[in-house]
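Residues per chain, in single letters:
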Amino acid sequence: MKTRKLALNAVLAAMCAALGALALDLNSIKITFESFPILLGALLFGPLDGLAVGFVGTLLYQLLRYGVSATTLLWILPYALAGLVTGIYAKRRGFSLTTGQTVGIVVAAEVLITALNTLVMYIDAKLYGYWFPGFISAMLLPRGAVCVVKAVVFGLVLPKLCARVRRALPGEGEKTHGA
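Residues numbered from 1 in each chain as written. Predicted model: local features only at pLDDT ≥ 70, side-chain atom pairs only at ≥ 80, totals over all residues. Heavy atoms only, no water.

Here we look at the nonpolar core
Inside soluble globular proteins, nonpolar side chains tend to come together where they are buried.
Point 1. Membership of the largest hydrophobic core comes to 25 residues, with the highest contact counts inside it found for L39, L40, L43, L44, V106, F154 and L158.
Point 2. Elements represented by at least two residues in this core include exactly α1 (3–21), α2 (35–45), α4 (72–92), α5 (99–128) and α7 (140–168).
Point 3. A per-element tally of this core places α2 first, with seven residues.
Point 4. Not counting residues up to four positions away in its chain, the partners in contact with L43 are T86, A90, F95, L97, T102, I105, L158, C162 and R166.
Point 5. By size, the runner-up hydrophobic cluster in this structure holds five residues, among which are W75, V120, A125 and I136. (Core = buried A, V, L, I, M, F, W, Y, C linked by side-chain atoms within 4.5 Å. Buried < 20%, exposed > 50% of the residue type's maximum accessible area, 1.4 Å probe, protein only. Helix = DSSP H or I, 4+ residues; strand = E, 2+ residues; numbered from the N terminus. Contact = heavy atoms within 4.5 Å.)

Quick notes on the packing of helix α3 (residues 47–65) against α4
Point 1. It is the contact of α3 with α4, at a shortest axis distance of 7 Å, that shows an interaxial angle of 160 degrees. Here α3 lies roughly antiparallel to α4, going by the angle between them. The element α3 and its partner α4 pack so that their crossing is right-handed. In this structure, α3 contributes P47, G50, L51, G54, F55, T58, L59 and Q62 to the contact, and α4 contributes T72, L73, W75, I76, Y79, A80, G83, L84, G87, I88 and K91.
Point 2. For the contact of α3 with α4, the per-class residue count stands at 11 nonpolar, seven polar and one charged. (Axes fitted to C-alpha atoms, helices over the stretch in contact; angles between N-to-C directions. Parallel < 35°, antiparallel > 145°, perpendicular 65-115°, else oblique. Left-handed = near helix turned anticlockwise from the far one by under 90°. Nonpolar A, V, L, I, M, F, W, Y, C, P; charged D, E, K, R; others polar.)

A closer look at the state of the cysteines
Point 1. One pass over the structure, following the stated rule, counts zero disulfides.
Point 2. Here C147 stays free of any disulfide, with the sulfur of C16 as its closest cysteine sulfur at 16 Å. (Disulfide = S-S within 2.5 Å.)

Quick word on α5
Helical periodicity: at 3.6 residues per turn, an α-helix aligns residues three or four positions apart in one direction.
Point 1. Given a rise of 1.5 Å per residue, 30 residues ought to cover 44 Å, and the 42 Å separating the end C-alpha atoms of α5 matches this to within 8%.
Point 2. After α5 finishes, the residue G129 shows a positive phi value of roughly 75 degrees. (Expected span 1.5 Å × (residues − 1).)

Brief notes about the side chain of T118
Point 1. With respect to the element layout, T118 can be found in helix α5.
Point 2. For T118, a relative accessible area of 10% gives the class buried.
Point 3. Looking at T118, its side chain comes within polar contact range of the main-chain oxygen of T114, at 2.7 Å.
Point 4. Among residues more than four places away in sequence, those in contact with T118 are I136, L140 and R143. (Polar contact = N/O pair within 3.5 Å; in protein donor to acceptor, adjacent residues only side chain to side chain.)

Here's the deal with the packing of α2 against α5
Point 1. Where α2 meets α5, the axes come as close as 12 Å, and the angle between the chain directions of the two elements is 130 degrees. One way to sum up the angle between α2 and α5 is to call them oblique. For the pair α2 and α5, the sense of crossing is right-handed. Residues S35, L39 and L43 of α2 pack against T102, I105, V106, A109, E110 and I113 of α5.
Point 2. Looking at the contact of α2 with α5 residue by residue, the classes come out as six nonpolar, two polar and one charged.

The structure is reproduced here in structure tokens:
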């Protein structure tokens, strides 16, 4: 693995952890930008990098914020999978996505994160005895709305940012896209 790519992945993972900590937490609705660096890494470098950034970044956040619990790995999984799925899509498209394709995959990734986080919230609530299924399902609509709005904004910003980062990585070209 190239040193530059490894360093950028480490920075993206650290950004993920920091953005998770800076989230606006409204009880069952968390407005966060922690998925942004995961999606950026996946769109730039592919599935394994997206998976790694998502896993390491979310692991750091979970450990620093909550420590280790029976569901720690479950809370990490949605972000790691979103990085993997986004990276697979980007790689299959030769890392040359239109804005519409980027918005589409980012919306799909954010919906995946929200759906899996809701499932993990249900499991966590069952294990630790907080909230009840009716409350969790009642929050689906507002959580979904936040998810889609955030995803569309991310999807519109990411193509320009990816292009700038690629230009800033001299000599990397297509070599950075190996996963």
